[in-house]
Structure formats: C-alpha cells, structure tokens
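What follows is the residue order along each chain.
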Amino acid sequence: MFVLKKLTEILYKNAGLICFVIALGFLFFGIFNPNAFPNFYEAHSGNPLFDGKMTVLLNEILWFLFCFIIMLSGDLLYFHRKDIKKLSTDKSQPDALHFCFIGVIIIIGTIVYLILLLMDIVNPIQFFPNVLFAGEETPMDLSIIFNALLFFLFISIPYRIGEKFIKYGLKIGDLK
Amino acid sequence: MDKERKSRFILWIGAGLLGTTVVFAILVLTGVIVPNIFPPTGNLLDVNPLSSGLLTFLMLIILIYVSTRVLDFGLKYRKEPDQKEEPEMKAKN
C-alpha cells in the first residue's frame, strides 16, 4: 500500500508537469509551423478549393483541441498532487488510493495516445468513408467534419472517466 | 455481510461500469469495434454511419451517468448511520 501511494504521488507530480510542458511545446510548434500539421482527416469531394481549406482548418482545430486536452490533464494531475499526499494508507479507506491510481493510469494512457496522434505515429479511426453532400455546382464532402467530431467525442470519454475516478477516490478518502 | 463490505462492493460495481465504458471507448478508437447500428445505405446523403457513431457515444454517456449514480449511492450508503445500532443505543440511554 505504501509503495502504491508513493507511485501514485510520483505519477501525479511528474506526469502533470511533463504533460503541461509537452502540450505547451506542441502548441508553440503548431503556432509557428502551421504547415507541419499531420493530416488526421482529408476531404475528398473533388472540389479542390473546398477540400484544401476544409482539410487544413479541421486538422488545425483537432491539433489545438488535442493540445488542450493534454494541458487540461496535466493541470488536473498537478493540482491534485497535494490531495494525494493527504490520503491515508491504513485500512479505513482502502479504495481511495486504488481509485486515484486507476484514474491516473487512464489519464496517462489517454495522454500517450494523444501524443502519438500529434506525432503522426498512430492514425485516427475513420468512422465512415464518405458522407457526400453533393450539389451539381458545389460538391462538399462533410464526412471530414463528422469524423473529426466523433473522434473528439470518443477521445473525451477516457479523459472524463479518469477525472471521475480521481474525484470519487478523493471523495472516498474524505478529501472533497 | 457487514456495512463496510457492502459499500465497498457497491463502489467497485460503479468502478467496473466506468471501466467497461473506457474499454468500449478504447475499442472503438482503435477500430476493433465499428459502430454499425444503422447499416450504411450507400447513397450520397447517407447519415446512417453518423447516427450510429453518435448513438454509440450517447450510450456510453448514459453508462457513465449510471455508474456515477452507483458510486454516489455507495458513498451515501457508507456514511449513513447504522439502523440496527440506533435503537440499541436509545435503549441503553
């Protein structure tokens, strides 16, 4: 139990700070190199003007959203590090530490996946190939918007659940 | 089963539900499970895949809601005073 507490403390303190710095790094890199964004999704409507603008815009938005989630996670972990120190290791509140540990593991997993995405190592899932809102004169492929939206929604689930584990862990430990 | 064990049991059921939600979300994100509730029609304006994805997301949100209610109940149950002990204490007094 003591080892688990030490490990959780170390994870909260260091992972929080490291995530925050990494997210800031990616954010500045994105601001100064707008052409270096990986293409998470691409529009294929056949209209070059629409496709070009939509692809760049959507990928930029996704990039900043991912950086924002990493920053939020780092923030969450770093500012709860003092609460974790206060958790007792005796048998009166045995689940509190376990809940906080599971929460931090889920959040770190999400962060690692997001970092791999930002570095273009992992490809995001394509929920469906094409939803083509076609007109005779202006064909528009809106599948890129729906794919990005669904991807962001599904990414937010592990983050939310990690946050809930931490919240309930602290509640069980009577710290909130 | 004593009260402490019961409350722990309820709390871990809530945690299990949350864990299931995470696992399902990860499987969808990695492409192992593809939400296909409404099969695609293949038309140009086919919003069936989008509806399937959004419905899956909403189902996961409902699971999160239910599991948080279970966790809340577990916490509340733990803090409630024991009903058996109270009459005994009154009788003693």
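Rules behind the numbers
- Residues numbered from 1 in each chain as written.
- Chains lettered and ligands numbered in written order.
- Predicted model: local features only at pLDDT ≥ 70, side-chain atom pairs only at ≥ 80, totals over all residues.
- Helix = DSSP H or I, 4+ residues; strand = E, 2+ residues; numbered from the N terminus.
- Buried ≥ 20, exposed ≤ 12 C-beta atoms within 10 Å, placed from the backbone.
- Contact = placed C-beta atoms within 7 Å.
- Core = buried A, V, L, I, M, F, W, Y, C linked by C-beta atoms within 7 Å.
- pLDDT = per-residue confidence, 0-100.
- Axes fitted to C-alpha atoms, helices over the stretch in contact; angles between N-to-C directions.
- Parallel < 35°, antiparallel > 145°, perpendicular 65-115°, else oblique.
- Left-handed = near helix turned anticlockwise from the far one by under 90°.
- Nonpolar A, V, L, I, M, F, W, Y, C, P; charged D, E, K, R; others polar.
- Expected span 1.5 Å × (residues − 1).

Asker: Would you take a moment to explain the overall build of chain B for this structure?
Answerer: Secondary structure assignment for chain B yields 3 helices and 0 strands. Listed by position from the N terminus, the elements making up chain B come as α-α-α. With 93 residues in all, chain B has 22% of them scored as buried. Of all intrachain contacts in chain B linking residues separated by at least 6 positions in sequence, the fraction that spans at least 24 positions is 64%.

Asker: I would appreciate a short explanation of the nonpolar core in the present structure.
Answerer: Generally speaking, nonpolar side chains in soluble globular proteins are found buried as a group. Among the nonpolar cores identified, the biggest contains 56 residues, and Phe66, Ile70, Phe99, Cys100, Phe154 and Phe165 of chain A are the most heavily contacted of them. Going through the elements one at a time, helix 1 (2-32), helix 2 (48-79), helix 4 (94-118) and helix 5 (143-172) of chain A together with helix 1 (3-30) and helix 2 (48-79) of chain B are the ones with two or more residues in this core. Apart from residues lying up to four places away in sequence, cysteine 100 of chain A is in contact with Thr8, Ile84, Leu87, Ile166, Gly169 and Leu170 of chain A.

Asker: Even after reading the chapter, I still don't get the confidence of the model for chain A, so can you show me in this structure?
Answerer: If pLDDT is low for a region, its predicted coordinates should not be looked at in detail. Across chain A, the average pLDDT comes to 85, with 92% of residues at 70 or higher. Considering each helix and strand of chain A separately, the mean pLDDT is smallest for strand 1 (residues 132-133) of chain A, with a value of 66, and largest for helix 5 of chain A, with 91.

Asker: Help me out: how do you make sense of the packing of helix 5 of chain A against helix 1 of chain B in this one?
Answerer: A pair of packed helices is captured by two measures, namely the crossing angle of their axes and the spacing between those axes. Running from amino to carboxyl end, helix 5 of chain A crosses helix 1 of chain B at an angle of 160°, the nearest separation of the two axes being 9 Å. Judged on the interaxial angle alone, helix 1 of chain B and helix 5 of chain A are roughly antiparallel. Helix-helix and strand crossings are classified by hand; for helix 5 of chain A and helix 1 of chain B the assignment is left-handed. Along its contact with helix 5 of chain A, which presents Phe154, Ile155, Ile157, Pro158, Ile161, Lys164, Phe165 and Ile172 of chain A, the element helix 1 of chain B presents Leu11, Leu18, Thr21, Val22, Ala25, Ile26, Val28 and Leu29 of chain B. Taken together, the residues of the contact of helix 5 of chain A with helix 1 of chain B break down into 14 nonpolar, 1 polar and 1 charged.

Asker: Would you explain the packing of helix 2 of chain A against helix 5 of chain A in this entry?
Answerer: All names here are of chain A. Closest axis-to-axis distance for the helix 2/helix 5 pair is 11 Å, and the angle between their directions is 5°. As judged from the angle between their axes, helix 2 and helix 5 are roughly parallel. Across the interface between the two elements, Met54, Thr55, Leu58, Leu62, Leu65, Ile69, Ser73 and Leu76 of helix 2 pack against Ile144, Ile145, Ala148, Phe152, Ile155, Tyr159 and Glu163 of helix 5. Among the residues forming the contact of helix 2 with helix 5, the class breakdown is 12 nonpolar, 2 polar and 1 charged.

Asker: I keep staring at the interface of chain B and chain A and nothing clicks. Help me out?
Answerer: For an interface, size is often stated in terms of accessible area lost upon the parts coming together. With 25 residues of chain B in contact, the opposing surface of chain A contributes 24 residues. Of all the secondary-structure elements, those providing two or more residues to the side of chain B that touches chain A are helix 1 and helix 2 of chain B. Considering every element that reaches the side of chain B that touches chain A, the biggest residue donor is helix 1 of chain B, with 10 residues. Split into classes, the residues belonging to the side of chain B that touches chain A amount to 19 nonpolar, 4 polar and 2 charged.

Asker: Just checking my understanding: could you explain the confidence of the model for chain B for this structure?
Answerer: All names here are of chain B. Across chain B, pLDDT averages 85, with 86% of residues at or above 70. Summarising per-element confidence for chain B, the mean pLDDT is lowest in helix 3 (residues 85-92) (59) and highest in helix 2 (92). The complex prediction reports pTM at 0.87, with the ipTM value standing at 0.85.

Asker: What is the right way to read helix 1 of chain B from this model?
Answerer: Each α-helix turn comprises 3.6 residues. Residues three or four places apart therefore point the same way. Residue and element names in this part refer to chain B. Here helix 1 spans 41 Å end to end across 28 residues, near enough to the 40 Å set by a 1.5 Å rise per residue. What helix 1 keeps buried is the set Ser7, Leu11, Gly14, Ala15, Leu18, Thr21, Val22, Ala25, Val28 and Leu29. Glycine 31, located one to two residues past helix 1, shows a positive phi value of around 90°.

Asker: Help me understand the environment of arginine 69 of chain B, please; the structure alone is not making it clear to me.
Answerer: Tracing the chain through its elements places arginine 69 of chain B in helix 2. Taking the C-alpha atoms as reference, arginine 69 of chain B lies 29 Å from leucine 50 of chain B; in sequence the two are 19 residues apart.

Asker: Explain unusual backbone geometry to me, please; I cannot follow it from the model alone.
Answerer: Glycine aside, the phi torsion of most residues is negative, and most peptide linkages are trans. Residues and elements named next belong to chain A. Phi at aspartate 120 is positive, roughly 65°, even though this residue is not glycine. With respect to the secondary-structure elements, aspartate 120 resides in the loop between helix 4 and strand 1. Note on aspartate 120: 12 C-beta atoms within 10 Å, which makes it exposed.

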